[in-house]
Each structure stands twice: as C-alpha cells, then as structure tokens.
Amino acid sequence: MAFSLNEAQEREFEDILARYPNQMAACIPALHFCQDANENWVSPEVIQFVAERLSLPTAHVLGVVTFYTLFNQEKPGKHQVWVCRTLSCALRGSEEILAHCEKRLGVHAGGTTQNGRITLRTAECLASCGSAPMMQVDKDYYENLTIEQVDQILDRLMQEA
Amino acid sequence: MLKRTEFLSKNYGVEGGWLIEPYVKSGGYQSAKRALGMTREQVVAEAKAAHIRGRGGAGFDCGTKWSFMPPPGDKPHYLVVNADEGEPGTFKDRTIMEMNPHALIEGCIIGAYAIGAHAAYIYVRDELHLSKARLWGAIHEAREKGYLGERPFGQSWAMQVYVHTGAGAYICGEETALLNSLEGRRGEPRIKPPFPAQYGAFGMPTTVNNVETIAIMPTVFKVGGDAFSRESALHDLGDGGARLFGVSGHVKRPGVYEAAVGLTLRELIYDLGGGILDDRPLLGVIPGGSSCPIMLEEEIVNVEGDERFAPYNGKSVLDLPMGVDTYRRTGNMLGTCCAIVLNDSVDPVRAAQNLARFYRHESCGQCTPCREGCGWIERLFDKVVAGEATLEELNQVHQVASNIMGNTICAFGDGAATPMLAFVRKFRPQFEEYVRRGEAERNARRAALGSGDHGRSLASEAR
Ligand SMILES: Cc1cc2nc3c(=O)[nH]c(=O)nc-3n(C[C@H](O)[C@H](O)[C@H](O)COP(=O)(O)O)c2cc1C
Ligand code: SF4
Ligand code: FES
C-alpha cells in the first residue's frame, strides 16, 4: 500500500524542508516524521516516498535508514521500551532491570510480546547517567528506577486501551 | 578548589524556569544585544579573553576556533551546535537544553555573529525529546520577541536557529560525522583536512561547538571575558570560567553540579557527589566520559620542569584541579567533566567488558583497525570473563590497541583503545585471575574425563 501524508502532515513536511539549504538535508527528519506517521516503522513504501519527495536515489535513503539504529525496518510493538545498559546504568542495576523485563514480558531483548504491545530493546547511554538505572518508553524517560516502578510501567503498557 | 557557581544552573529545578519571561527578567538577551553592537573581531577577542576550553571533550579554546573562520564573503557560514551527547557517563548538555534553553539560543546569536553566520543548527540526538521540545519552544518565543529573524535587536544581522535531529548513532557526535548526518547522509566521519572552518556543513565554512561552550557565551558577555576567566583556579593555564560537572555511578548524590574550573575529582566525588555509595573504598574513577582512561587514587602527580605544577607534585591525581592541560600533562584526559565513579564492589573486568561492547557496537566501520580491533577486544573480554582466554591472548590486547591508535580517520579509535588499555594495565591481576581460574577449571575437567576420545573432544570444545 502506498504511503501518503494527510493535509496537515503535508504542511509540517514542507516546514521541515524549509529549514535547510537543500532537500537532502531533510532526509533524517523526514524519515522520522514518516516513521511516526506509519506506526513506528520505515516500510519500503516510506523509503520510496521520502526518496521521491526529496529527489534522492532510493539507494541513498536506504543507506541512511540502515546506518541509524532508530529507524525500524520492521514494524515494532505498539510501545517500545529501551533499557539503558551502559556503564553508569550497569553500576546501578540495569542488568537486573533488563532481566526482570525479559522475564515479565516473556521475550528476550529485541523481541516483541505475543500480543504485539511491547518491543523490548537495550540502549547504549541515553545521557541520563546521573539518574540511573533508567529506561526510555516511547518518547519518555523513566529514571531512578526500582523493580516495582518497572512493574507498574509494564502493567500500564500491557493493559491500557 | 571548590567554588560553586550558578551562571548556567540558577533556574535548574524551577518550574517554568525554561521560559523566556524569567530569562529576560534576569538580564537575558542583553549579551546578544551587546555583542551585535560590537565588531566581529571584538566579539572573538572577548571570547578569547574568557579562555573557554571546548566543553565537548577535546578542550580546544573556543575563541581561537572562532578566529579560524574565513571572513564573511559570498558563501554562507554556519554555526553547528553539537547536542549529540552520547559519550557514556555524560549527561550535562541535556540539563541546559531542558532547563535553560534560552542560554543556548542566545549563545547561538553571539556565536553565529562572531563567525559570520546567519543560521545555527542545533544537532540534538533523537532520544532527547524533551530537549528538542524545549529548544523549539525557546526558538518560537525568541522569534516572537524579535530576537531571532530579520533584524534582531534592530541590528541588520538576520539570524535563524533550527533544531536538527539524529537517529541513534554515537559516532554522530564526532564533528565531521555530525556534519554528514546534518546533510542527510550516513554519519560517517570525514577525513581531515579539510577542516570544517574551510569545508563544513553543505561545503561551507562552519564552526562546530558543544552545547555548553555556546550556552556559556551570554555569561561571558555579561560579566566580561577576562573577569569570567578569572573565576577559574586555572586562569593562568588558559582554562577559564566555570562549567558543569557531572557525577554518576557509585556516589550518594549523582547529578550535575556547576562550579568554577579547577575543581578536583575528590571534591566532585565527596563534596558534591556526597561520597562513595555504601561508604566503600574507591576502585577507580573515569573522569570525563568513557573514552578517558580510568584513574586510581594511588596514582601520583609528577610533572617535572614546570613551576605551575609544583603545588600538585606528590599528590594523588584526585587532588589535581580538573583542567584540560593539567590532565593532559599528567597523562590523563579531562573529557566532558562527567565522572563515573566505581566502588570496590565492581569487577573491573566486567566494567571493561561493558565498555568494550559499547565501542564495538558504535564503531562506524569505515577503518579496518577500528572496526576489527573493537570487535577483537570485545570478543577477548568476553572470553576472559567466560574463563576461556589465555595469557598470550590477553597480552595481544596491547598490540591490537596500538594498531588502532593513530591509524584511523577519526578520534573514536583512540577513544576506544586507550581506556581499554588502561583497564588491562591498571587491573592486570584481576584479568589474570580470570585467565588462571579458567585454565585451572579446564585442567580439572580434562583430568576428570581421562584421556579417552570422548574426553578429548569435550576438552577441545571447552577450549
Ligand atoms: C567519537 C566522538 C564522539 C563525540 N561526541 C561528542 C558529543 O556527543 N558532543 C560534543 O559536544 N562533542 C563530541 N565530540 C567532540 C566533537 O568532535 C567536537 O570536538 C566538539 O563538538 C567541538 O565542540 P567544542 O570545541 O565546543 O568542545 C565527539 C568526538 C568524538 C571523536
Ligand atoms: S575510527 Fe572508527 S568510528 Fe572513526 S571513522 Fe574509523 S571506523 Fe569510523
Ligand atoms: S549509562 Fe545509562 S544513561 Fe548513561
């Protein structure tokens, strides 16, 4: 199915283009914008769309998509959970947080729960080391985590409508 | 010397402190107004007098960097602010963007004017959604007041600021990778020269500065360059002003603290950080992001032939003022001034393994020594922890690291190799202990299984 934007989204898309002296520079923000509008993933149709709108070769856009970890080439769960596991967080118990999430959700890091609600991931340092351990849920940070708080967050994500 | 300051952090934690009203009320945007009334040369000179050493990690003098820009001609110039903050252990720039975004926007006006640019791009790592929202909010507020736009403060210096975002790649913090990423390409570092001042964003003359370097500029133009430099205990060493210090890991009060330059690690850990978690002994401290070699309390300062170091000679490195050159001269690296503290409950081998994974994961893969070397070091540390490594393999780490150092396109290679080497050198007994234990276990298993065919194949599997 071809990918397209609605009228309001089109205006925002044009706004992005206007920030740069050429169209290529809009590549990453445009991909983010379309990924957000496409259930959090960059489908082949999205790549095609961005390439056409920015007058770029498809191969260029694909090369960009594959370089950066935050572009999903497969559709993730409804929510994405990233547990930071770099040193400052590891010193404050991120391994236990991650192990707990894996157990609670019944998936390994990288996997999506059977009901398609949560994709669990690991992250490298998210610039929140002073409030470790921490995780990112969609666009929000949760810091100074305890196992109880993690449970509350996961419960909410699994249950909410 | 501990001297707390509040140039950047006064409104930290104050509800609404990020909005333009409180910022303007406390004198905000007066510095930009003042700078636009000066000549470009005067602005650069004022910045030089402040001795602001780049807050992004390399510690290059900001005013001097600005002076490398060619005079404005027919080509557009650009200011690019590095807000990719991804160096493990570093979390200071985020506090500026979230709680004092107008300092950065005002700094952008000053910096852009100094280098002849009419546009500034702030490259924020994608994960920092709150930072991006606060910055866009600040930009809109500043536009409404007319501080950005065609004629800021009635001066004929059109000025725009934009937020750009990455998409999850530590290497995009390296300035030329960042420029490629800003241009809509893969974030691979470029070969230098040409340097950004000649050929930067979109092929145009460009200066790349860290968030904090730019955000402190309004203060410089408020109190005066020289006066600001003198806040620092290291003014005579050309390392001026005050800066943000972070401390994370095993301290009682982790966080970001502002203080005059010249603070010591001991003050950061014990006075600001509240001391070591669980009151245990210190194992070591990584002073400014994971690319800095770990420092141990028993390491002693010994710099010969330089009077200025006389007061510190014979003291622990923890009592050496944190400065770009004080650290460089003693074989250490200051980095971002965000320290990671490890108490003695930490297994240094596992800590090294954690960071080795980070570097293998984040190498962009352009240079063979970096790509292969980072992978090799990670696999070795995994083997050490699994008890499967030999002493010869452990010794090879020196060779692998020296193959990386100096042989790569960007500084990532050195930033990955030096801290790994430091771990192996400074915690040699702990690494050897893993190797010995692994060997003993293998021998015991071999003995128990006897010498039959079955035993041999199992033993070789274990190897
Ligand atoms: C691998 C690597 C990652 C870096 N990451 C950052 C970063 O996240 N933020 C930053 O300001 N500088 C980072 N730097 C340093 C930049 O290349 C550059 O020196 C800096 O942005 C210049 O700003 P300053 O002079 O104001 O410090 C990194 C350097 C390397 C080699
Ligand atoms: S040193 Fe490593 S990160 Fe830097 S360009 Fe080479 S491969 Fe990429
Ligand atoms: S190490 Fe987890 S946020 Fe920095």
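Residues numbered from 1 in each chain as written. Chains lettered and ligands numbered in written order. Predicted model: local features only at pLDDT ≥ 70, side-chain atom pairs only at ≥ 80, totals over all residues. Heavy atoms only, no water.

**Digging into the side chain of Asn 180 of chain B**
All names here are of chain B. Following the sequence through the fold, Asn 180 ends up in helix α8 (residues 175-182). Judged by its relative accessible area of 10%, Asn 180 is buried. With residues near it in sequence (within four places) discarded, Asn 180 still touches Arg 185, Arg 186, Glu 188 and Arg 190. (Helix = DSSP H or I, 4+ residues; strand = E, 2+ residues; numbered from the N terminus. Buried < 20%, exposed > 50% of the residue type's maximum accessible area, 1.4 Å probe, protein only. Contact = heavy atoms within 4.5 Å.)

**Quick notes on the nonpolar core**
Residues Leu 31 of chain A together with Leu 104, Ile 105, Ile 122, Phe 381 and Phe 431 of chain B are the most contacted members of the largest nonpolar core, which totals 162 residues. With ten residues, helix α6 (residues 101-115) of chain B is the single largest residue contributor to this core. Residues Leu 234, Tyr 257, Val 301 and Cys 337 of chain B belong to the second largest nonpolar core, which totals 31 residues. (Core = buried A, V, L, I, M, F, W, Y, C linked by side-chain atoms within 4.5 Å.)

**A closer look at the site of ligand 1**
All names here are of chain B. Every one of the 19 residues lining ligand 1 counts as a neighbour, but Gly 56, Lys 65, Asn 82, Asn 210 and Thr 213 are closest to it. Between an oxygen atom of ligand 1 and a main-chain N or O atom of Glu 85, the distance comes to 3.3 Å. The separation between an oxygen atom of ligand 1 and a polar side-chain atom of Asn 210 is 2.7 Å. Bound to the protein, ligand 1 loses 89% of the 610 Å² it would expose on its own. By residue number, the principal contributor to the shell around ligand 1 is strand β4 (residues 206-210), which donates three residues. Considering only residue class, the shell around ligand 1 consists of five nonpolar, eight polar and six charged. (Near = heavy atom within 4 Å. Polar contact = N/O pair within 3.5 Å; in protein donor to acceptor, adjacent residues only side chain to side chain. Areas by Shrake-Rupley, 256 points an atom, 1.4 Å probe, with all protein chains shown as cover. Nonpolar A, V, L, I, M, F, W, Y, C, P; charged D, E, K, R; others polar.)

**Description of the interface of chain A and chain B**
Contacts between chain A and chain B engage 38 residues on the former and 57 residues on the latter. Roughly 3700 Å² is buried in total at the junction of chain A and chain B, and carbon and sulfur atoms are behind 58% of that figure. Three residues, Phe 67, Leu 87 and Leu 91 of chain A, lead the burial of chain A against chain B; their summed loss comes to 18% of the area buried on that side. With a closest N to O distance of 3.0 Å, Glu 143 of chain A and Arg 94 of chain B form a salt bridge. Across the chain A-chain B interface, the total number found is 27 residue pairs in polar contact (both at pLDDT 80 or more). Residue assignment for the side of chain A that touches chain B shows that the elements contributing at least two residues are α2 (27-36), α4 (58-67) and α5 (87-91) of chain A. With five residues, the top contributor of residues to the side of chain A that touches chain B is α4 of chain A. Residues belonging to the side of chain A that touches chain B are distributed by class as follows: 20 nonpolar, eleven polar and seven charged. (Buried area = accessible area lost by both parts, 1.4 Å probe. Salt bridge = Lys/Arg side-chain N within 4 Å of Asp/Glu carboxyl O.)

**Observations regarding the sheet that holds strand β8 (residues 338-343) of chain B**
All names here are of chain B. Spatially, the four strands line up as an open sheet ordered β6-β5-β8-β7, and their pairing is mixed. On the outer flanks of this sheet lie β6 (255-260) and β7 (282-286), each paired with one strand and no other. The sheet shows a mean angle of 25° between the axes of neighbouring strands, taken without regard to direction. (Pairing = 2+ DSSP bridges. Axes fitted to C-alpha atoms, helices over the stretch in contact; angles between N-to-C directions.)

**Quick notes on the domain arrangement of chain A**
Partitioning chain A into domains gives domain 1 (7-67) and domain 2 (79-159). Here domain 1 of chain A and domain 2 of chain A have C-alpha centroids that lie 29 Å from each other. (Domains from an automatic or database assignment.)

**What to know about the site of ligand 2**
Around ligand 2, the structure places 13 residues, and the nearest of them are Cys 364, Cys 367, Cys 370, Thr 408 and Cys 410 of chain B. Of the residues belonging to the shell around ligand 2, the class tally is eight nonpolar, five polar and no charged.

**Quick word on the pairing of β7 of chain B**
All names here are of chain B. Where burial is concerned, most of β7 is hidden: five out of the five residues are buried. In the sheet, β7 pairs with β8 via four bridges, with the strands oriented antiparallel. Counted as the bridge partner of Leu 282 is Asn 343 from β8.

**Let's talk about the packing of aromatic side chains**
This structure, assessed with the given rule, holds 22 aromatic pairs over all chains. Plain terms: the ring middles of Tyr 68 of chain A and Phe 71 of chain A are 6.3 Å apart, the flat faces sit at 80° to each other, and that makes the pair edge-to-face. For the pair Tyr 68 of chain A and Phe 71 of chain A, one class covers both residues: buried. An aromatic cluster of at least three residues, connected via ring pairs, comprises Tyr 20 of chain A together with Tyr 78, Tyr 121, Tyr 162 and Phe 202 of chain B. Lying across the ring of Trp 18 of chain B, Arg 134 of chain B places its NZ or CZ 3.4 Å from the centre. A cation over a ring is seen here: Arg 437 of chain B above Tyr 434 of chain B, with NZ or CZ 5.2 Å from the ring centre. (Phe/Tyr/Trp six-rings, centres within 6.5 Å; stacked < 30°, edge-to-face > 60°. Lys NZ or Arg CZ within 6 Å of the ring centre and 35° of its normal.)

**Description of the domain arrangement of chain B**
Note on interface size: it is often stated as the accessible area lost on association of the parts. All names here are of chain B. For chain B, the assigned domains read domain 1 (20-229), domain 2 (245-343) and domain 3 (348-438). Distance from the C-alpha centre of domain 1 to the C-alpha centre of domain 2: 28 Å. Of the roughly 1100 Å² buried where domain 1 meets domain 2, counting both sides, 59% is carbon and sulfur surface. Looking only at domain 1, the three residues that lose the most surface to domain 2 are Arg 53, Glu 87 and Phe 91, adding up to 39% of its buried area. For the interface between domain 1 and domain 2, the tally reads one salt bridge.

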